[in-house]
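# Residue-level structure breakdown
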Amino acid sequence: MQTEITTLYTKHYVMYREKADKIDSYKTWSPKKKIDKLLELNAGIYVNLGIDSTKSECETAKTTSRYIYRIIKKYDKDQGALYLRDSLQG
């Protein structure tokens, strides 16, 4: 049962990465719009975490979040670097 739940969460975070890559690939969107949508996607990661989330799930969420921050850094180097730095502190 626990393995099924862990697999479900892993697939869930792969979906977030795929969505982030899709947002990154849009040619007609401005950098600001991409950053806004990536931050919205990132917020969704943490909305789905709860007090019953395992340490592994929390670490996977953090790793996925850092993946999104690295994409943001392509469009706004300072903002992306700030998010990455802050993610290491918390």
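Residues numbered from 1 in each chain as written. Predicted model: local features only at pLDDT ≥ 70, side-chain atom pairs only at ≥ 80, totals over all residues. Heavy atoms only, no water.

Bringing the nonpolar core into the picture now. Membership of the largest hydrophobic core comes to 15 residues, with the highest contact counts inside it found for Tyr 13, Ala 20, Leu 38, Leu 41, Ile 45, Ile 68 and Ile 72. Those elements that provide at least two residues to this core are α1 (2–25), α2 (31–47) and α3 (55–75). Per-element tally for this core: the top contributor is α3, with five residues. In this view, Ile 72 contacts Ile 35, Leu 38, Leu 39, Gly 80 and Tyr 83; residues no more than four positions away in its chain are not counted. (Core = buried A, V, L, I, M, F, W, Y, C linked by side-chain atoms within 4.5 Å. Buried < 20%, exposed > 50% of the residue type's maximum accessible area, 1.4 Å probe, protein only. Helix = DSSP H or I, 4+ residues; strand = E, 2+ residues; numbered from the N terminus. Contact = heavy atoms within 4.5 Å.)

Within the fold, Glu 57 resides in helix α3. No salt bridge is formed by the buried Glu 57. Its closest oppositely charged neighbour is Lys 55, at 12 Å. Separated by 3.0 Å, the side chain of Glu 57 and the backbone nitrogen of Thr 54 make a polar contact. (Lys, Arg positive; Asp, Glu negative; His and termini not counted. Salt bridge = Lys/Arg side-chain N within 4 Å of Asp/Glu carboxyl O. Polar contact = N/O pair within 3.5 Å; in protein donor to acceptor, adjacent residues only side chain to side chain.)

Take the pattern of salt bridges next. A complete count under the given rule lists four salt bridges for this structure. Measuring nitrogen to oxygen at the nearest pair gives 2.9 Å for the salt bridge that ties Lys 32 to Asp 36. A residue pair is termed a helical-turn pair when its members lie 3 or 4 positions apart in one helix, as Lys 32 and Asp 36 do in helix α2 at four residues. Accessibility expressed as a relative area gives 39% for Asp 36, which makes it partly exposed.

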